[in-house]
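# Observations on chain architecture
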Amino acid sequence: MNAIVALCHFCELHGPRTLFCTEVLHSPLPQGAGSGDISGQNEQAEEEEGGIQMSSRIRSHSPAEGASADSSSPGPKKSDMCEGCRSLAGGHPGFVSHDKETSIKYVSHQHPNHPQLFSIVRQACVRSLSCEVCPGREGPIFFGDEQHGFVFSHTFFIKDSLARGFQRWYSIITIMMDRIYLINSWPFLLGKIRGIIDELQGKALKVFEAEQFGCPQRAQRMNTAFTPFLHQRNGNAARSLTSLTNDENLWACLHTSFAWLLKACGSRLTEKLLEGAPTEDTLVQMEKLADLQEESEGWDGSEEEEKPSSQPDVAEGQELSKCSPETSLMPDCNRWNVAHRRLSVFRSLRHMRQVLGASAFRMLAWHVLMGNQVIWKARDMDLVQSAFDVLRTMLPVGCVRIIPYSDQYEEAYRCNFLGLSPHVQIPSHILSSEFAVLVEVRAATRSTLYPTLLEDEQSLNKYEFVVTSGSPVAADRVGPTILNKIEAALTNQNLSVDVVDQCLVCLKEEWMNKVKVLFKFTKVDSRPKEDTQKLLSILGAAEEDNVKLLKFWMTGLSKTYKSHLMSTVRSPTSSESRN
């Protein structure tokens, strides 16, 4: 995180002063600047361009060592400082922490070496301890602008038996130029900085109570009430924070805390590059995962009864498979299963087209795209599962309802992909229906049935695939446009399987956009049929098969998209704009 964390103090003699600050350096430190996690070594180093480095210039500018020979150096002069305004002792080079993972250095010293940064920190320090304070003068506040940066400031008091009112005023500030990032980090910064403050106040309170027990200052001041207070000050009145807390390692501990704060705050929020709006498949997957999480939370409080495997139960858009529910909904899970299942014979749509033949594959693909029920009868469950894994890639995720394998027939409203064992009887009206297609996997009569695939898949020799339907697709039928494009991609041998997969993604997204337009036009705006027909012509989907495909794919739209459209229709602003 590109920010600076600083500890500030309101000195009774010199006003607001910066005591200690930690900054992030992305450029590499010069050799010899430090080798441990915290370094207080006195090696000489030079400042590199492109970053602010701990160097001899920092030490020469350090107010702890007095005035610098360079009149342009930032920081107050020695004559303008007291014990309460000073943190590091003379000659101390500061502290350096190295983050080996990111090659970032966290450097702590009393003032930033860069004049511009010194001015920004100085101004933030003054504002945090003067005009920009919360009610009660103790607590968090946010202020800043584009020119001087934005500041998260938390003011607090430290007990001091020699101070006016027995306490001194401090603040911890975080400065950065990104306003949104700083505001989003408010809860995190508030909790962690509050913890640092509590630790400082706890140490100071112990010292204060010990001093009051040994020599109560309140009674002594009452006895000298008529003497002007300023004349009673002695050299010990302005005390350093190390003296108030009785902690000689205070600055090293603060460096560690500030460095961790900068690293942790920068790691908790990350930026992601989004190349566009999420696809409908992504939205549907997110909704399914959310539903599964809600169901699992409900199951935690009640006993779940086991269901027999012969009676599979499938919710809308959900699949029963050997994958866990969380992984089966992800697009790559089934592809992984296809690649690793021993008896998996269908590796891709192109592979299936080669096995089934062009005409049988076209009939099967037509029924898949139209939303008709696809039934596979086979003994090998893995073979059926691999077939469904390949065929489902042609449909949006929301249109897929799979029962991988069952011992009884399931109605079409429950699933559009159904796997059955060979002995299951299918109703006669289903076999003659134009809204279903049956693929029977039988034992092959000849060992050389698929000679071209013998070397690739030994298991293909065992099977013969028979595709039948009550409404076979005529060879001369045009079919849906997307089916023709899919077949063109599959027959193009210059395209690899991965490229064909990307073509499928693009084609599905193209037609899902047409589905969105049609849904908005018909369901939301309630336009007449004449206007709908004109719209279909404009979309290039006026043919019968294309219209059926759009209506089926409309069922795969996400709930998020539908609710968004309906909410915009109900809003007064949208109705006024249409009028």
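The shown structure was predicted, so the numbers you read here are calculated from the model rather than taken from an experiment.

## Focus: the overall build of the chain
Summing up its helical and strand segments, the chain has 20 helices and 12 strands in all. Classification of the 579 residues of the chain by burial places 48% in the buried group. Across the chain, the fraction of contacts at a sequence separation of at least 24, relative to all contacts at a separation of at least 6, is 69%.

## Quick look at the packing of helix H12 (residues 358–370) against helix H18 (residues 544–553)
Interaxial distance between H12 and H18 falls to 8 Å at its minimum, and their mutual angle equals 50 degrees. Judged by the angle between their axes, H12 and H18 are oblique. Residue-level inspection shows Trp366, Val368, Leu369 and Met370 of H12 in contact with H18, the latter providing Asp545, Lys548, Leu549, Phe552 and Trp553. Here the residues of the contact of H12 with H18 are counted per class, giving 7 nonpolar, no polar and 2 charged.

## Things to note about the packing of aromatic side chains
Summed over the entire model, instances satisfying the criterion amount to 14 aromatic pairs. Between Trp376 and Phe465, the aromatic rings sit 6.2 Å apart at their centres with planes inclined by 65 degrees, giving edge-to-face as the arrangement. Highlighted residues: Trp376 in strand E8 (residues 373–377) and Phe465 in strand E12 (residues 463–469), separated in sequence by 89 residues. Overall, the relative accessible area of 0% leaves Trp376 in the buried class.

## Focus on the packing of helix H11 (residues 349–356) against helix H15 (residues 481–491)
Viewed as axis vectors pointing N to C, H11 and H15 meet at an angle of 85 degrees, and their least axial separation amounts to 10 Å. The angle between H11 and H15 falls in the class roughly perpendicular. Residues Leu349, Arg350 and Arg353 of H11 pack against Glu487, Ala489, Leu490 and Thr491 of H15. Among the residues forming the contact of H11 with H15, the class breakdown is 3 nonpolar, 1 polar and 3 charged.

## A word on H12
Here H12 is 13 residues long and its end C-alpha atoms lie 18 Å apart, about the 18 Å a rise of 1.5 Å per residue gives. Judged by how many residues are buried, H12 sits mostly within the fold: 11 of 13 residues are covered. Among the residues of H12, Ala360, Phe361, Arg362, Met363, Leu364, Ala365, Trp366, His367, Val368, Leu369 and Met370 are the ones counted as buried. Phi turns positive, to about 85 degrees, at Gly371, one or two residues after H12.

## Let's talk about the sheet that holds strand E6 (residues 149–159)
Strand order in the open sheet formed by 7 strands is E3-E4-E2-E1-E7-E6-E5, and the pairing between neighbours is antiparallel. The open sheet has two free edges, formed respectively by strand E3 (95–99) and strand E5 (139–145), since each of these has just one partner strand. In this sheet, adjacent strand axes meet at a mean angle of 20 degrees when their direction is disregarded. One ladder, built from 5 bridges, connects E3 with strand E4 (residues 104–109); its direction is antiparallel. Bridging across to E4, Phe95 finds its partner in Ser108. This element, helix H7 (residues 250–268), spans strand E1 (4–11), strand E2 (15–25), E3, E4 and strand E7 (167–176) of the sheet and lies at about 55 degrees to E2.

## Description of the sheet that holds E12
A sheet is described by the order of its strands in space; here 5 strands give the open sequence E9-E10-E8-E11-E12, paired in mixed fashion. With partners counted over all chains shown, the strands left at the sheet margins are strand E9 (402–406) and E12, one partner each. This sheet shows a mean twist of 15 degrees between the axes of neighbouring strands, independent of strand direction. Sheet topology note: the E8/strand E10 (residues 417–420) ladder contains 4 bridges and is parallel. If you follow Val374 over to E10, its bridge partner there is Phe417. Each of E8, E9, E10, strand E11 (436–443) and E12 is contacted by helix H13 (residues 381–391), which is oriented at about 155 degrees to E8, the strand it contacts most.

## Examining the pattern of salt bridges
Counted under the stated rule, the structure contains 16 salt bridges. Here Glu487 and Arg362 are joined by a salt bridge, their closest N and O atoms 2.6 Å apart. With Glu487 in helix H15 and Arg362 in helix H12, this pair connects stretches of sequence that are 125 residues apart. Each member of the pair Glu487 and Arg362 is classed as buried.

## Things to note about the pairing of E9
With 5 of 5 residues buried, E9 is to be regarded as a mostly interior element. Alignment of E9 against E10, held across 3 bridges, turns out to be parallel. In the sheet register, Ile402 faces E10, and the bridge partner there is Phe417.

## Concerning the side chain of Ser348
Summarising the element assignment, Ser348 is placed in the loop between helix H10 (331–340) and H11. In this structure Ser348 comes out as buried when scored by relative accessible area, which is 12%. For Ser348, the contacting residues outside a window of four places in its chain are Val390 and Val497.

## Concerning unusual backbone geometry
Within the chain, Ser103 stands out as a residue other than glycine whose phi angle is a positive 60 degrees. Tracing the backbone shows Ser103 in the loop between E3 and E4. Here Asn246, not a glycine, exhibits a phi torsion of approximately 55 degrees, which is positive. Relative to the elements of secondary structure, Asn246 occurs in the loop between helix H6 (241–245) and H7. By relative accessible area, which is 61% here, Asn246 ends up exposed.

## Observations regarding the nonpolar core
Judged by nonpolar contacts, the single largest core of 64 residues is most densely connected at Phe346, Met352, Trp376, Leu391 and Trp553. Among the elements that line this core, the one with the most residues is helix H16 (residues 497–524), at 10 residues. Counting only domains with at least three residues in this core, you end up with domain 2 (349–444 + 460–477) and domain 3 (499–570). Beyond its immediate stretch of four places on either side in the chain, Met352 contacts Phe346, Gly357, Phe361, Leu364, Trp376, Ala387, Val390 and Leu391. Membership of the second largest hydrophobic core comes to 38 residues, among which are Leu88, Met176, Phe188 and Leu244.

## As for the environment of Leu269
Mapped onto the secondary structure, Leu269 falls in the loop between H7 and helix H8 (280–300). According to the relative accessible area criterion, Leu269 is partly exposed, its value standing at 27%. Once the C-alpha coordinates of Leu269 and Ser185 are considered, the two residues, 84 residues apart in sequence, prove to be 8.3 Å apart.

What counts, and at which threshold
- Residues numbered from 1 in each chain as written.
- Predicted model: local features only at pLDDT ≥ 70, side-chain atom pairs only at ≥ 80, totals over all residues.
- Heavy atoms only, no water.
- Helix = DSSP H or I, 4+ residues; strand = E, 2+ residues; numbered from the N terminus.
- Buried < 20%, exposed > 50% of the residue type's maximum accessible area, 1.4 Å probe, protein only.
- Contact = heavy atoms within 4.5 Å.
- Axes fitted to C-alpha atoms, helices over the stretch in contact; angles between N-to-C directions.
- Parallel < 35°, antiparallel > 145°, perpendicular 65-115°, else oblique.
- Nonpolar A, V, L, I, M, F, W, Y, C, P; charged D, E, K, R; others polar.
- Phe/Tyr/Trp six-rings, centres within 6.5 Å; stacked < 30°, edge-to-face > 60°.
- Expected span 1.5 Å × (residues − 1).
- Pairing = 2+ DSSP bridges.
- Salt bridge = Lys/Arg side-chain N within 4 Å of Asp/Glu carboxyl O.
- Core = buried A, V, L, I, M, F, W, Y, C linked by side-chain atoms within 4.5 Å.
- Domains from an automatic or database assignment.

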